Amino acid sequence: MIDIYADLDELKINTYQQGSVPSDMPDSYITIWNDTSIDNLNSDNKTNIIEYQFTVIYYTKEWSNIYSIFENIVSLLKSKNYIVSGMGFDIDSGVDEYMARCIEVQKLERRIS
C-alpha cells in the first residue's frame, strides 16, 4: 500500500488524517484524505496496478509563506512519483485564523504477481 504520510515526513510538518486534527491545532499542518483506490490495470483476472487518490490540504496561520510551503509539498510529492496536476487551490479552512490550500494527487502502485 501507498503510505503518503511517510512520504511527507521529511517536510517536518504535522500530518493528520482529515478529521483527526487535535483540539490544540498547530500553527501549520497537513491533512490527508484517501479518497479512493481503484484497479487501474487488470489482466487475467489479476490487478496489476492500483491507483490511489488523495486530497492533501495544507493549513497555516502564516499567511506570508503559504504558497512557498505548498510548493514544497507539491515538489516533494512529485519527487516521490505522485501524479500532481497544477498547484492546487484555496479552500475555506473552517477556522478564521487559518488559510488553506488543497490539491488532489494520485499514485500508481504496481502489483507483482
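Residues numbered from 1 in each chain as written. Predicted model: local features only at pLDDT ≥ 70, side-chain atom pairs only at ≥ 80, totals over all residues. Heavy atoms only, no water.

1. Looking at the overall build of the protein
Within the protein, the secondary structure is distributed over two helices and six strands. Listed by position from the N terminus, the elements making up the protein come as α-β-β-β-α-β-β-β. Considering only C-alpha atoms, the protein reaches an extent of 55 × 25 × 25 Å along its principal axes. Within the protein, residue pairs in contact and separated by at least 24 positions form 57% of the contacts whose partners lie at least 6 positions apart. Working note: accessible area of the protein is about 6,700 Å², and carbon and sulfur atoms make up 45% of it. Each charge class in the protein was averaged separately, 9 positive and 18 negative side chains, and the resulting centres sit 9 Å apart. (Helix = DSSP H or I, 4+ residues; strand = E, 2+ residues; numbered from the N terminus. Contact = heavy atoms within 4.5 Å. Areas by Shrake-Rupley, 256 points an atom, 1.4 Å probe, with all protein chains shown as cover. Lys, Arg positive; Asp, Glu negative; His and termini not counted. Charge placed at Lys NZ, Arg CZ, Asp CG, Glu CD.)

2. Let's talk about helix α2 (residues 66-79)
Between its first and last C-alpha atoms α2 spans 20 Å; for 14 residues at 1.5 Å apiece the expected length is 20 Å, and the two agree. Contacts from the buried residues of α2 go to α1 (4-8), β2 (28-43), β3 (46-60), β4 (83-84) and β6 (99-110). Immediately downstream of α2, the backbone of Asn81 shows phi near 70°, a positive value. (Expected span 1.5 Å × (residues − 1).)

3. Quick notes on the pairing of β2
As a general feature of sheets, a regular strand has side chains that alternate between the two faces. Two strands pair when backbone bridges link them, and strand β1 (residues 15-17) and β2 are joined in this way by three bridges, in the parallel orientation. Following the sheet pairing, Thr15 is matched in β2 by Ile30. Where β2 and β3 come together, 14 bridges link them in antiparallel fashion. In the strand pairing of β3, Asp39 is matched with Ile50. Following β2, the chain reverses through two residues before pairing antiparallel with β3; Asp44 in that reversal takes a positive phi of roughly 50°. (Pairing = 2+ DSSP bridges.)

4. Considerations on the side chain of Arg101
By secondary structure assignment, the location of Arg101 is in strand β6. A distance of 3.0 Å separates a polar side-chain atom of Arg101 from the backbone oxygen of Gly88. In this structure Arg101 touches Val56, Ile57, Tyr58, Ile66, Tyr67, Phe70, Met87, Gly88, Phe89 and Asp90, once residues within four positions along its chain are discounted. (Polar contact = N/O pair within 3.5 Å; in protein donor to acceptor, adjacent residues only side chain to side chain.)

5. Quick word on the environment of Ile38
Within the secondary structure layout, Ile38 lies in strand β2. Relative accessible area serves as the criterion here: at 36%, Ile38 is assigned to the partly exposed category. Residues Ile38 and Thr55, spaced 17 residues apart in sequence, show a C-alpha to C-alpha distance of 15 Å. Among residues more than four places away in sequence, those in contact with Ile38 are Ile49, Ile50, Glu51 and Gln53. (Buried < 20%, exposed > 50% of the residue type's maximum accessible area, 1.4 Å probe, protein only.)

6. Topic: the pairing of β6
Of the strand pairs in this sheet, β3 and β6 are connected by 12 bridges, and their pairing is antiparallel. Bridged to Thr60 within β6 is Met99. As paired elements, β4 and β6 share two bridges and run antiparallel to each other. Looking at β6, one finds that Val84 is bridged to Val105. Sheet topology places strand β5 (residues 89-91) next to β6; three bridges connect them, and they run antiparallel.

7. Details of unusual backbone geometry
Positioned with a positive phi, Lys12 is a non-glycine residue whose angle comes to about 60°. Backbone geometry at Asn81 places phi at a positive 70°, although glycine is not the residue there.

Keep in mind that these numbers describe shape and distance, not what the molecule does.
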